Amino acid sequence: MSHEFPPLKNDLLLRAARGEQTERAPVWVMRQAGRYLPEFRAVRANHEFFEICRTPELATEITVQPIRRYAGLIDAAIIFSDILVIPQAMGMEVLMNPAPSFPDPLNTPADIAKLRSSVDVDKELGYVFAALTRTRHELAGAVPLIGFSGAPWTLFAYMVEGGGSKTLQKAKSWLFKYPEESKALILRIADVCVDYLVGQVKAGAQLLQIFDSWANELSPHDFAAFSLPSLQHIATSVRARIAAENLPSVPLTLFAKGANAHESLVACASSGYDVLGLDWCIDPSDARAVVQDRVALQGNLDPNVLYGGRDAIEREVKRMCRSFRGTAAPKAWIANLGHGITPGVDPEDLKWFFECVHKYSAKEYVF
Ligand SMILES: Cc1c2[nH]c(c1CCC(=O)O)Cc1[nH]c(c(CCC(=O)O)c1C)Cc1[nH]c(c(CCC(=O)O)c1C)Cc1[nH]c(c(C)c1CCC(=O)O)C2
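Right, let's walk through the structure included here. (Residues numbered from 1 in each chain as written. Predicted model: local features only at pLDDT ≥ 70, side-chain atom pairs only at ≥ 80, totals over all residues. Heavy atoms only, no water.)

One finds Trp 153, Phe 156 and Phe 353 to be the most contacted residues of the largest nonpolar core, which totals 140 residues. The element that contributes the greatest number of residues to this core is helix H9 (residues 179–203), accounting for twelve residues. If we skip the residues at most four places from it in the chain, Trp 153 touches Leu 168, Ala 171, Leu 175, Ile 186, Asp 212, Trp 214, Ala 215, Leu 218 and Ser 227. (Core = buried A, V, L, I, M, F, W, Y, C linked by side-chain atoms within 4.5 Å. Buried < 20%, exposed > 50% of the residue type's maximum accessible area, 1.4 Å probe, protein only. Helix = DSSP H or I, 4+ residues; strand = E, 2+ residues; numbered from the N terminus. Contact = heavy atoms within 4.5 Å.)

What follows is about the environment of Leu 8. Mapping Leu 8 onto the fold places it in the segment before helix H1 (12–17). In the structure, Leu 8 is positioned 310 residues away from Lys 318 in sequence and 29 Å away in space, judged by C-alpha atoms. Residues within four places of Leu 8 in sequence aside, it is in contact with Leu 14, Gly 141, Val 143, Pro 144 and Gln 206.

Contact geometry of helix H7 (residues 152–161) with helix H8 (residues 169–177) gives a least axis separation of 8 Å together with a crossing angle of 110°. By the angle between their directions, the pair H7 and H8 is classed as roughly perpendicular. When the axes of H7 and H8 are compared, the crossing they make is right-handed. The residues of H8 that touch H7, namely those facing Trp 153, Phe 156, Ala 157, Val 160 and Glu 161, are Gln 169, Lys 170, Ala 171, Trp 174 and Leu 175. Residues belonging to the contact of H7 with H8 are distributed by class as follows: seven nonpolar, one polar and two charged. (Axes fitted to C-alpha atoms, helices over the stretch in contact; angles between N-to-C directions. Parallel < 35°, antiparallel > 145°, perpendicular 65-115°, else oblique. Left-handed = near helix turned anticlockwise from the far one by under 90°. Nonpolar A, V, L, I, M, F, W, Y, C, P; charged D, E, K, R; others polar.)

Cis geometry marks the peptide bond from Asn 97 to Pro 98, where omega comes out at -15°. Within the secondary structure, Pro 98 sits in the loop between strand E2 (95–96) and strand E3 (100–101). Look at the link from Gly 299 to Asn 300: it is a cis peptide, with omega at -10°. Assignment of secondary structure puts Asn 300 in strand E8 (residues 296–301). The phi dihedral of Asn 246 falls on the positive side, at around 55°, and the residue is not glycine. Mapped onto the elements, Asn 246 comes out in the loop between helix H10 (220–244) and strand E6 (252–256). Residue classification places Asn 246 among the exposed positions, given a relative accessible area of 72%.

Before going further, it helps to spend a moment on the site of the ligand. Looking at the ligand, there are 22 residues lining it, with Arg 31, Arg 35, Arg 44, Ser 213 and His 339 nearest. At 2.6 Å from an oxygen atom of the ligand is found a side-chain nitrogen or oxygen belonging to His 339. The protein chains hide 89% of the 860 Å² of surface that the ligand would expose on its own. Residue classes in the shell around the ligand are distributed as 13 nonpolar, five polar and four charged. (Near = heavy atom within 4 Å. Polar contact = N/O pair within 3.5 Å; in protein donor to acceptor, adjacent residues only side chain to side chain. Areas by Shrake-Rupley, 256 points an atom, 1.4 Å probe, with all protein chains shown as cover.)

Moving on to the environment of Phe 102. Here Phe 102 lies in the loop between E3 and helix H6 (121–139). Each C-alpha atom, one on Phe 102 and one on Leu 197, is 23 Å from the other, the two residues being 95 residues apart in sequence. If near-sequence neighbours (up to four positions away) are discounted, Phe 102 is found in contact with Leu 84, Pro 87, Met 92, Glu 93, Val 94, Tyr 158, Met 159, Gly 162 and Gly 163.

And the structure:
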């Protein structure tokens, strides 16, 4: 399929990600292609989760569903896939029933030998690249297309835990019992992430986001010791490879959920990313005061506000917009939730969220 794509009509997200002030905040939502949409559930009823990921026609269809439904209100598409395709590419089996589970997790460092010694991302993850290219054509330039990867620490935690966990006891036992082996494995995962992200840009991704969903489980010290070096490695290497291979330069977003300690925010804002995603446990104006103008910010409504009815959604979006805009010279920001949207949300309430963002983030709106 051709890599000549239709021109982009809405570049609000890319401008904000590069630090420009925009006429209003661009808006999209993490997990926007998902179970709260009846049109997603209709496709899902007939196909397994990873089957959809591996079938570019289906992945494209689901990626564009929210773009069709919220045309004119939503400013980005994010490719339908999952962060756990990287452990699969490294040779691990991952099931989704309905939560992720690994039948054969990494119990001790000896199990690392079970992973593929080198990963050919074109061979193992070429289906994601095909889905990205197809989706760029299908979008016809309506909005930019976001590619993504899990962060090495979060992927490491899944590979060791064998699925979700409330305490991450196994993953953290590794960190404290086998710190050197843990660091080495995290960096090995990071190298696969780099190849995968560069491949996504080649295939047509226009912005890349790294999801460190389990950053919140680490103390600031351990986040700096175990996660940050791999995040910095990804940003530096992806940029270098993009330049060396003459690919379009794309903004990079880091969503390190809950890495809200002062020192973690400063470190994240200085680790080579253009945009820092925030969860709802920090006030945007406080985050801005810490990171100053090093990065654009993204976030950060509590996803559960979407269950609170229209008045609550409007009130909280207004509060969020006011905090992001601040009182002095406003800095670039991107409106989003502070984590993924959940399955029970009424799609009409999400529409209202978008409408409220358009209203209260507009430059001309006076609080
Ligand atoms: C931790 C994580 C995962 N996957 C992802 C993360 C990081 C973001 C986060 O922290 O929420 C990322 C992800 N997963 C999915 C996307 C697609 C793009 C998007 O709409 O944002 C993205 C960006 C689809 C998905 N990934 C999954 C679904 C639902 C699967 C189904 O149809 O049953 C979707 C639409 C499954 C999934 N995948 C994962 C879990 C824990 C689950 C099950 C629980 C849940 O749904 O939240 C792992």
